[in-house]
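Listed below, chain by chain, are the residues.
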Amino acid sequence: METLDAKLKVIDPLRPNRSHCYRRIMLTNSVNLHLDVNPLKPKGFPEMSFSGPEKIVGHLESILQKNCKQWDEEKSLLDNLESVLESQFLEKGDEVMDEGNDSMNCIVCLTHELGNNTPGRRCECGAQYHNQCLYELFLSEFSTNVKRSVDCPMCGMELKILVIPD
């Protein structure tokens, strides 16, 4: 897991440590991999699921199903993931490709549309947010937050709360 944390765009947990057996990893602007590793068998095949646009997720799920028997416990977790999913992962320093705002999911709620709203705020790291989700993130940190801002879950950059909804 340390290799994943060091190399990849890990979205959750924000500050991973050895006690965290899960990771949410950004594959593209709009697709995330949810990974749960069994601590009793850390090199075994982990539980995996995807979030993002249905068409892309369906394609990734079919690739995973087709290749899951190729998992090799002698290989590293990252090597196995790249092999089984037939793709390279975004690394921490990689520029996030703009797939067009229409396909971009909010990093907080993992959806594109929230009611009739699409993500309207963008961090310098490429993460996008619904204003309402940023506000709810602000409220969840309210007891310790006196600066009217939240930190981006992707990169830690300070995001000012522009408009507080009624």
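Anything mentioned here points back to the structure above.
Below or above, wherever it landed, is the structure these notes cover. (Residues numbered from 1 in each chain as written. Predicted model: local features only at pLDDT ≥ 70, side-chain atom pairs only at ≥ 80, totals over all residues. Heavy atoms only, no water.)

### A short note on the pattern of salt bridges
Moving on, step 1. As enumerated under the stated definition, the model contains 4 salt bridges in all.
Moving on, step 2. Across the salt bridge formed by D5 and R23, the nearest N and O atoms sit 2.6 Å from each other. Taken together, the positions of D5 in helix 1 (residues 2–7) and R23 in strand 2 (residues 22–26) put the pair 18 residues apart, joining distant regions of the chain.
Moving on, step 3. For D5, a relative accessible area of 14% puts it in the buried group. (Salt bridge = Lys/Arg side-chain N within 4 Å of Asp/Glu carboxyl O. Helix = DSSP H or I, 4+ residues; strand = E, 2+ residues; numbered from the N terminus. Buried < 20%, exposed > 50% of the residue type's maximum accessible area, 1.4 Å probe, protein only.)

### Quick look at helix 3 (residues 77–84)
Each full turn of the α-helix corresponds to 3.6 residues, which orients residues three or four apart in the same direction.
Moving on, step 1. Within helix 3, 6 of the 8 residues are buried, which leaves it mostly tucked inside the rest of the structure.
Moving on, step 2. Next to the buried residues of helix 3 lie helix 1, strand 3 (32–36), strand 4 (47–51) and helix 2 (54–67).
Moving on, step 3. Looking at the residues trailing helix 3, positive phi occurs at E86, about 55°. (Contact = heavy atoms within 4.5 Å.)

### Observations concerning the pairing of strand 3
Regular strands place their side chains on alternate faces of the sheet.
Moving on, step 1. Looking at chain direction, strand 2 and strand 3 are connected through 5 bridges and run antiparallel. When the bridges of strand 3 are listed, Y22 appears paired with D36.
Moving on, step 2. Pairing analysis gives 5 bridges linking strand 3 to strand 4, with the strands arranged antiparallel. From the neighbouring strand, D36 faces strand 4, where its bridge partner is E47. (Pairing = 2+ DSSP bridges.)

### Thoughts on the sheet that holds strand 2
Moving on, step 1. With antiparallel pairing, the 4 strands of this open sheet are ordered in space as 1-2-3-4. Pairing within the sheet leaves two strands with one partner each, and these edge strands are strand 1 (10–12) and strand 4. If you compare each strand with its neighbour and ignore which way they point, the axes differ by 30° on average. (Axes fitted to C-alpha atoms, helices over the stretch in contact; angles between N-to-C directions.)

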